[in-house]
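One-letter residues, chain by chain:
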Amino acid sequence: MNLFDVYPLNNVTITKAKGSYVWDSEGDQYLDLYGGHAVISIGHTHPHWVRRIEEQLEKIAFYSNSVQNPLQAELAKKLGEVSGKEDYSLFLCNSGAEANENALKLASFHTGRKKVVAFSKAFHGRTSLAVSVTDNKNYVAPVNETDNVDFLPFNDEEALEAHFAKYGKEIAAVIIEGIQGVGGINVASESFLKLIRALCDKYGAVYIADAVQCGYGRSGKFFSHDFAGVNADIYSMAKGMGNGFPIGGIIIAPYIKPKHFQLGTTFGGNHLACAAALAVLEVMKEEKLMGNATMIGKYLRDELNKIPGLQNVRGRGLMIGFDVPEEIAALKKNLLLNQKIFTGEAKPNVIRLLPSLALKKKDAEMFIDAVKEEIEAFAVVAE
């Protein structure tokens, strides 16, 4: 049997990882500034995270959600403390797409409505509801097509107000990434998020903050949406939540009440996943990683802005993007091949940085030096 070929792959086999570094099957060391799609939050194989999982594995790895699991309650309490959303409730699942599926479903249950507002360049996942609010036709199969989703321009307050004025009483939810990831590191303006909050309040819609990639401390705040100073009704989470162990979840405002059997999951919130997620929160708090994300992120943006040729440096914390002009379009590839540095991309010309929140200053400096060296090499070739 062969693997179903769904991704173009780099010709690298990673066999070991620690902190912000990975090693391939040839023994070569790489600086990881992509974290496997923003998944590695506290650093690869963090010793506390490893120990937490190993200790839990010796006790019980899994049982269904038909019995009490005290680790779930412990995780909810710790998540409330670290995120500042202590009056919210937690529903656990396995991935970001699944989190957004449940967020949208719950919003529809709560309001009794069908219509959803999403935005240009949005990415919310590849499953049925999640992909229907994703602005990429390549991911949307005929069975996913629906008239219940309206895409509006990102950060366009006038368009949003006009849409609510016309359809407000039909809208179940607005779903928005605080910082678009796959869309190219586009930051939602604070005024736009405040307007979403106000319109949802006025028309009885649910504000869903997709924090799958931009949440869990990556922006320097626990949720990047928090920069606007207003609360969403539902926050979706995954990626950095387990530092590589599959886990996702939504937290839900207290006015939205649960009903038995509306939501459910087999594997969500299993013992091992909770152990991994608890370790992440414990390390984030102990090592003050949100503060580190703010500090190192500012350094990277400031230094990238000084490099001639790079354009539109943007982002918050350790979620950073910049545009690469056509004459240095091979920069990402050359950083990997020549400098042994993993970065991410967004089409057509964006390099994305999504490293561990524990990234050290010396590693950020190494990256800046590598970018300068590669850009100088382009200039020599051009001459």
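Residues numbered from 1 in each chain as written. Predicted model: local features only at pLDDT ≥ 70, side-chain atom pairs only at ≥ 80, totals over all residues. Heavy atoms only, no water.

**Considerations on the overall build of the chain**
- Looking only at helices and strands, one finds 11 helices and 17 strands in the chain.
- Compactness check: the chain gives a C-alpha radius of gyration of 21 Å against a globular reference of 21 Å for 383 residues, within 12% of the reference.
- With the C-alpha coordinates of the chain rotated into their principal frame, the extents come out at 65 × 55 × 45 Å.
- Split into buried and exposed, the 383 residues of the chain put 54% on the buried side.
- Intrachain contacts of the chain at a sequence separation of at least 6 include 73% that bridge at least 24 residues. (Helix = DSSP H or I, 4+ residues; strand = E, 2+ residues; numbered from the N terminus. Rg over C-alpha atoms; globule rule 2.2 N^0.38 Å. Buried < 20%, exposed > 50% of the residue type's maximum accessible area, 1.4 Å probe, protein only. Contact = heavy atoms within 4.5 Å.)

**Examining helix H6 (residues 157-167)**
- Every buried residue of H6 is accounted for by Leu-160, His-163 and Phe-164. Buried residues along H6 cover an arc of 95° about the axis, so they all sit on one side. Those residues of H6 that are exposed and aimed more than 90 degrees away from the buried face are Glu-158, Ala-165 and Lys-166.
- Contacts from the buried residues of H6 go to strand E5 (115-119), strand E6 (149-152), strand E7 (171-177) and helix H7 (190-203).
- For H6, the N-terminal cap is Asp-156; the gap from its side-chain oxygen to the backbone nitrogen of Glu-158 is 3.2 Å. (Arc of directions from axis to C-beta. Polar contact = N/O pair within 3.5 Å; in protein donor to acceptor, adjacent residues only side chain to side chain.)

**Considerations on the side chain of Arg-197**
- Mapped onto the elements of the fold, Arg-197 is located in helix H7.
- Given the relative accessible area of 10%, Arg-197 is considered buried.
- Polar contacts involving the side chain of Arg-197 include one to the side chain of Asp-201, which spans 2.8 Å.
- Here Asn-231 takes part through its backbone oxygen, which lies 2.8 Å from a polar atom of the side chain of Arg-197.
- Discounting residues that sit within four places of it in the chain, Arg-197 has contacts with Ala-205, Tyr-207, Val-230, Asn-231, Ala-232 and Asp-233.

**Considering a nonpolar patch on the surface**
- On the surface, Phe-4, Val-6, Tyr-7 and Leu-9 cluster together into a nonpolar patch covering about 560 Å² of accessible area.
- Looking at Val-6, the relative accessible area reads 53%, which means it is exposed. (Patch = residues over 30% accessible without salt bridge, like charges linked within 9 Å, V, L, I, M, F, W, Y side chains within 5 Å. Areas by Shrake-Rupley, 256 points an atom, 1.4 Å probe, with all protein chains shown as cover. Salt bridge = Lys/Arg side-chain N within 4 Å of Asp/Glu carboxyl O.)

**Digging into the packing of aromatic side chains**
- This structure, assessed with the given rule, holds 11 aromatic pairs.
- Each ring, one from Phe-119 and one from Phe-192, has its centre 5.3 Å from the other, and the planes form 70°; the classification is edge-to-face. Here Phe-192 lies in helix H7 and Phe-119 lies in strand E5, a separation of 73 residues in the sequence. Across the pair, Phe-192 and Phe-119 agree in class, each one buried.
- Taken together, Tyr-88, Tyr-216, Phe-222, Phe-223 and Tyr-235 form an aromatic cluster joined through their ring pairs.
- Just above the ring of Phe-227 sits the side chain of Lys-221; from NZ or CZ to the centre is 5.3 Å.
- A cation over a ring is seen here: Lys-361 above Tyr-299, with NZ or CZ 4.8 Å from the ring centre. (Phe/Tyr/Trp six-rings, centres within 6.5 Å; stacked < 30°, edge-to-face > 60°. Lys NZ or Arg CZ within 6 Å of the ring centre and 35° of its normal.)

**Details of the pattern of salt bridges**
- Counted according to the given criterion, the structure contains 13 salt bridges.
- The partner of Asp-363 in a salt bridge is Lys-362, and the shortest N-O contact between them spans 3.4 Å.
- Classification of Asp-363 by relative accessible area gives buried; the value is 3%.
- One continuous salt-bridge network, built from bridges that share partners, spans Arg-52, Glu-74 and Glu-282.

**Remarks on helix H9 (residues 289-305)**
- Between its first and last C-alpha, H9 extends 24 Å over 17 residues, near the 24 Å set by a 1.5 Å rise per residue.
- Residues of H9 that are buried include every one of Leu-289, Asn-292, Ala-293, Ile-296, Gly-297, Tyr-299, Leu-300, Arg-301, Glu-303 and Leu-304, and no others. (Expected span 1.5 Å × (residues − 1).)

**Section: the sheet that holds strand E14 (residues 319-323)**
- Spatially, E13-E14-E17-E16 is the arrangement adopted by the four strands of the open sheet, whose pairing is antiparallel. Edge strands, defined here as strands with exactly one partner in the open sheet, are strand E13 (311-316) and strand E16 (344-346). Pairwise comparison of adjacent strand axes, ignoring direction, gives a mean angle of 25° for this sheet.
- The pairing of E16 with strand E17 (residues 350-353) spans three bridges and is classified as antiparallel. The residue of E17 that forms the bridge with Glu-345 is Ile-351. (Pairing = 2+ DSSP bridges. Axes fitted to C-alpha atoms, helices over the stretch in contact; angles between N-to-C directions.)

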